Each structure stands twice: as structure tokens, then as C-alpha cells.
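# Reading the structure
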Amino acid sequence: AKKDGRNRARTFTRSMLIVLEQREMLRRSLRTALQEGEFFVEYQPLVSPAFEVLGFEALLRWRHPLIGNIPPSVFIPMAEKDGLMSEIGKWLLEQACRAAMSWPSHFTVAVNLSPAEFLHEGLTDRVAQTLDLVGLRPDRLELEITESVLLERTINNLDTLNTLNVLGVQISLDDFGTFYSSLSYLKNFPFDTIKIDQYFIKDLEHDEKGQTIVRSIIALAHGLGMHVTAEGVETEGQAIWLEKEGCDRLQGYFLGFPIPAEAIGEFLRKSPT
Ligand code: C2E
Ligand code: CA
Ligand code: CA
Ligand code: CA
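Positions within a chain are numbered from 1, following the residues in the order the chain's sequence is written. Whichever chain is written first becomes A and whichever ligand is written first becomes 1, with later ones labelled in order. Given that the model is predicted, a residue must reach a pLDDT of at least 70 before its local features are reported, and side-chain atom pairs must reach 80 or more before they are shown or counted; all residues, however, enter totals for whole chains, interfaces and linings. Side-chain figures throughout are based on the complete set of non-hydrogen atoms in the structure, without hydrogens or water.

Okay, the coordination of the calcium ion (ligand 3) next. For Na, K and Ca the donor cutoff is 3.2 Å, while for all other metals N, O and S atoms count as donors only within 2.8 Å; water does not appear among the atoms, so some sites may look incomplete. Coordination of the calcium ion (ligand 3) by the protein is provided by Asn165 (OD1), Asp192 (OD) and Asp192 (OD), with metal-donor distances spanning 2.3 to 2.8 Å. You can see Asn165 sitting in helix α6 (residues 154–167) and its partner Asp192 sitting in the loop between α7 (183–188) and β7 (193–196), a full 27 residues away along the chain. Only protein chains enter the calculation, and the probe is 1.4 Å; a residue is then buried if its accessible area is under 20% of its type maximum, exposed if over 50%, and partly exposed in between. The exposure class of Asn165 is partly exposed, given its relative accessible area of 34%. Under the DSSP-based scheme used, a helix requires at least four consecutive residues in state H or I and a strand at least two consecutive residues in state E, with every element numbered from the N terminus.

Time to look at the site of ligand 1. Near is defined per residue: the residue qualifies when any heavy atom it owns lies within 4 Å of the molecule or strand. Taken together, 23 residues are adjacent to ligand 1, and Gln44, Arg61, Glu117, Glu234 and Tyr253 come closest. Two N or O atoms form a polar contact when they lie within 3.5 Å of each other; inside protein one atom must be a possible hydrogen donor and the other a possible acceptor, and for residues adjacent in sequence the pair counts only when both atoms belong to side chains. One nitrogen or oxygen atom from the main chain of Leu60 is found 3.0 Å from a nitrogen atom belonging to ligand 1. Note on areas: these come from Shrake-Rupley sampling with a 1.4 Å probe, and a residue is covered only by the protein chains present in the view. Contact with the protein chains hides 80% of the accessible area of ligand 1, taken as 790 Å² for the molecule alone. Cavity and pocket criteria rest on a 1 Å grid covering protein atoms alone: a 1.4 Å probe that fits but cannot get out defines a cavity, protein on both sides within 12 Å along at least 5 of 7 lines defines an open pocket, and an atom within 4 Å of a point defines a lining residue. If over half the atoms of a molecule are within 2 Å of the grid points of a cavity or pocket, the molecule is regarded as sitting in it. Cavity membership is defined here by more than half of the atoms lying within 2 Å of grid points; on that basis ligand 1 lies in the largest pocket. Elements with a minimum of two residues in the shell around ligand 1: β2 (53–64), α2 (72–81), α3 (85–101) and β6 (170–176). Ranked by the residues each element gives to the shell around ligand 1, the list is headed by β2, at four residues. As a working rule, the residues Ala, Val, Leu, Ile, Met, Phe, Trp, Tyr, Cys and Pro are called nonpolar, Asp, Glu, Lys and Arg charged, and the rest polar, with Gly in that last group. Class assignment of the residues belonging to the shell around ligand 1 gives a composition of ten nonpolar, six polar and seven charged.

With that out of the way, let us pick up the coordination of the calcium ion (ligand 2). Protein coordination of the calcium ion (ligand 2) is provided by Glu57 (OE), Asn112 (OD1), Glu144 (OE) and Asp174 (OD), with donor distances spanning 2.1 to 2.3 Å. Along the chain, the residues that donate to the calcium ion (ligand 2) are spaced as E-x54-N-x31-E-x29-D. Between the calcium ion (ligand 2) and the calcium ion (ligand 4), a spacing of 4.0 Å is present, and a bridge between the two is formed by Asp174. Here the residue Glu57 occupies a position in strand β2, and Asp174 occupies one in strand β6, the gap between them amounting to 117 residues. This pair shows no difference in class: Glu57 is buried, exactly as Asp174 is.

In this text, buried Ala, Val, Leu, Ile, Met, Phe, Trp, Tyr and Cys residues form a nonpolar core when linked through side-chain atoms within 4.5 Å. Judged by nonpolar contacts, the single largest core of 73 residues is most densely connected at Tyr43, Leu141, Phe191 and Leu242. Per element, the largest residue contribution to this core is eight residues, and it comes from α3.

What follows is the structure, encoded as C-alpha cells:
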């Protein structure tokens, strides 16, 4: 038994080492991925409860030349740690705004901001300059931030959000309900939309407590004059329930998968507008 344990320990260490080496390799490639043109953007539809398309959320993709697609949950935290995310985010913002220019003029484009991007000093200037450069109406851009972003430097955060609000862009609170969900954020920050995390949508049809929570978030948001988007809607039953409860926008595989910019024209031809 003793020997077994030792072997197991050794095997564990070796596989750990391989994982670490792979991570190192990945980090190295990440540093050159932007110049090498390895990033691309997919767009996932945001739809009304009547299934009309209202806009798209831009989602960053990295296709590594050898490994293939790497999930954003793996490489975005790496890029954050290595100080690369601000530059990547700048590229993505311009891509997304340019894509939106070719859509019907009432469609919005939602762009995620990681903590490093949001806390970057030049963020508000960058947003203003990009809108100017591309010629996109500010209210067609929606910036999504998570609560974790707001944990530090509260005074500056409020300044940043207020400046963005004055620019006329829309601001969404992403992944609502998963983190601290401090209600003071809702009271003090100028959000236009709350996005209910997919965790609450997953079991919605069979989970009465979940239904009560979602119903309450919708009421809370509407009471504060905000809109509500439900993420991760995967079934017709969920969509119908959310429609009945007055949810403003739906997003999820039932409504549409993330697709490349070139596929949007075809997607719109097949959906009601
Ligand atoms: P998120 O902002 O919450 O994005 C929603 C995620 O849920 C996306 O994963 C999307 O593909 C996935 N999703 C959409 N509908 C469904 C559904 O019906 N069921 C399920 N199970 N999943 C669904 P993705 O693209 O892997 O992105 C993961 C996270 O990475 C995002 O979560 C966001 O936090 C981050 N991310 C993605 N793109 C960007 C970006 O351009 N900038 C920044 N800063 N973060 C990004
Ligand atoms: Ca998001
Ligand atoms: Ca606003
Ligand atoms: Ca989310």
C-alpha cells in the first residue's frame, strides 16, 4: 500500500508538470496571438421575448495554430494576469463596433469588459474614440461588466461608469446573482440592464425556489428602472416562462449560438425581425 501511494504521488507530480508546461507554452503563444491574427470574434443574438433580434454580444475566440480553439475561460484570465487584456480588448471593441455598423440601425452590440480593461485609465477615452472612429451611435454600444470589477476603488469606478453613462453607451451588470450581488451596486451605479446568470435559468422549469429568485430579480430591476436579460436560455419552456414573467431580453442556445460576423446575414434572413 505504501509503494502504491508513492507511485501515485509520483504520477500525480508528473502530470502536474505537464499541465504546468502546457500552461507556460500557452502563455508564450498568447503574447503574440494578437499580432499573429489568431483572435476572432463570435456574436450571439440577444432577442426579445417575441424572438425578434435586438442585437448581439461579442465573444472573443482564440484559435491557436497547433492546439485549436482555446476557451475564453482559460485564456482571458491568463491575458489579464500578463497585462495583455487591455490591448486585446481594444482590438475587440473596434471589431465589434465595426461589425455593428453593418447591422440594422436599431441593433445593439454588447462588449464584455474584464476587470483590467475596466480599471484601465484610458478606458473612457478609448470608448469615445472608437465610437467616433467607427461612427457608431453611442446608445448602440452596450458594455458588460461583472460585479467583481466593482470590488475595488469604488470612487473611481463610479466616475468611470458615470462618464460612460454620459457618453450615452449602455451599461449592463453581467452574471448577476453569482458573486456578491450587493444590492448597493444597484442603488449606486448607473446600470441600464441586469443580466441574470445562466445558473438561475438552468433548472428554472422544475425549481420553484429558482423561479421565485428570477421573478424577484425581474421585479427588482424593473422597480429600479433597469432592463433584464436572461442568459443561458436553452429550452422553449424557459423562454416561455421568462416571457410570461416580463423578462425583457433572452440570450442562449435556444435563441441562437455564437456565430462569426459573416454568418449574421444568413441568421437574420431566417429569423423574425
Ligand atoms: P459571459 O459574458 O457570461 O458570456 C456568456 C457565455 O455563456 C459565453 O461563453 C457563451 O458562449 C455561453 N452561452 C451562451 N448561451 C448559452 C447557453 O444557452 N447555455 C450555456 N451553457 N452557455 C451559453 P464563452 O464564449 O465561452 O465566454 C465565457 C466568458 O468569457 C464570458 O462569459 C466572458 O466572461 C468571457 N469573455 C468572452 N468574450 C470576452 C471578451 O471579448 N472580453 C472579455 N473581457 N471577456 C470575454
Ligand atoms: Ca457577457
Ligand atoms: Ca445609461
Ligand atoms: Ca454572463
